[in-house]
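Close look at the chain arrangement
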Amino acid sequence: MMKNVMNLEFSALSQNESFARVSVASFIAQLDPTMDELTEIKTVVSEAVTNAIIHGYDNNPNGIVYISVMIDEQFIELTIKDDGIGIEDVEEARQPLFTTKPDLERSGMGFTIMENFMDEIEIHSQPGSGTEIRLRKHLSNSKMLCN
């Protein structure tokens with residue numbers, strides 16, 4: 001069973017969110033996901049990267065966002081990480097409509113969207129040390145990597 005891994009890191013600038021989304025989508029395209037699966041994964045990447053930039057780094061462009069994607073037969077595992085301010089209360093942050101940035105008109109639905117579109121989600125965060133989100137999705141009709 002062969003695994004395939006991609007790692008990205010980029011400045012915490014909002015214009016890099018679309019780069020991250022397209023890069024992940026291009027990498028997982030080799031599994032031939034459905035259009036719905038591809039759209040869901042791109043949306044999840046957007047939510048997680050935006051959270052890292054806006055909440056983790058408070059829009060400080062000196063921050064770095066890290067993405068790792070691992071493909072293993074019929075599932076993908078995404079890890080999106082920042083070294084920002086971290087999350088004080090992860091359970092509170094996971095509640096629908098919760099946001100620490102109401103002044104920026106943030107909907108507070110990022111984690112809810114991630115939970116709805118992915119099969120598994122793990123959030124590890126320490127105040128002052130950043131946040132790591134691990135997401136896993138099983139794809140319905142993906143191609144086998146090994147022949």
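As the structure is a prediction and not an experimental result, all values here were calculated from the model.

What follows deals with the nonpolar core. If you look at the biggest cluster of nonpolar residues, it comprises 37 residues, and the most contacted ones within it are I41, V49, V65, I67, L78 and L135. Element by element, the count of residues in this core is highest for helix α2 (residues 35–56), at eight residues. Excluding residues that lie within four positions of it along the chain, L135 makes contacts with V44, I76, E77, L78, I80, M114, M118, E120 and I121.

Let us now look at the pattern of salt bridges. Taken as a whole and judged by the stated rule, the model has six salt bridges. As a salt-bridge pair, E17 and R21 come within 2.5 Å of each other at their nearest N and O atoms. Of the two residues, E17 and R21 are both situated in helix α1 (residues 16–28); the distance of four residues between them amounts to about one turn of the helix. R134 is paired through a salt bridge with E132; the nearest N and O atoms lie 3.0 Å apart. Using a relative accessible area of 31% as the deciding quantity, one classes R134 as partly exposed. Connected through salt bridges with shared partners, the residues E122, E132 and R134 form a single ionic network.

What counts, and where the lines are drawn
Residues numbered from 1 in each chain as written. Predicted model: local features only at pLDDT ≥ 70, side-chain atom pairs only at ≥ 80, totals over all residues. Heavy atoms only, no water. Core = buried A, V, L, I, M, F, W, Y, C linked by side-chain atoms within 4.5 Å. Buried < 20%, exposed > 50% of the residue type's maximum accessible area, 1.4 Å probe, protein only. Helix = DSSP H or I, 4+ residues; strand = E, 2+ residues; numbered from the N terminus. Contact = heavy atoms within 4.5 Å. Salt bridge = Lys/Arg side-chain N within 4 Å of Asp/Glu carboxyl O.

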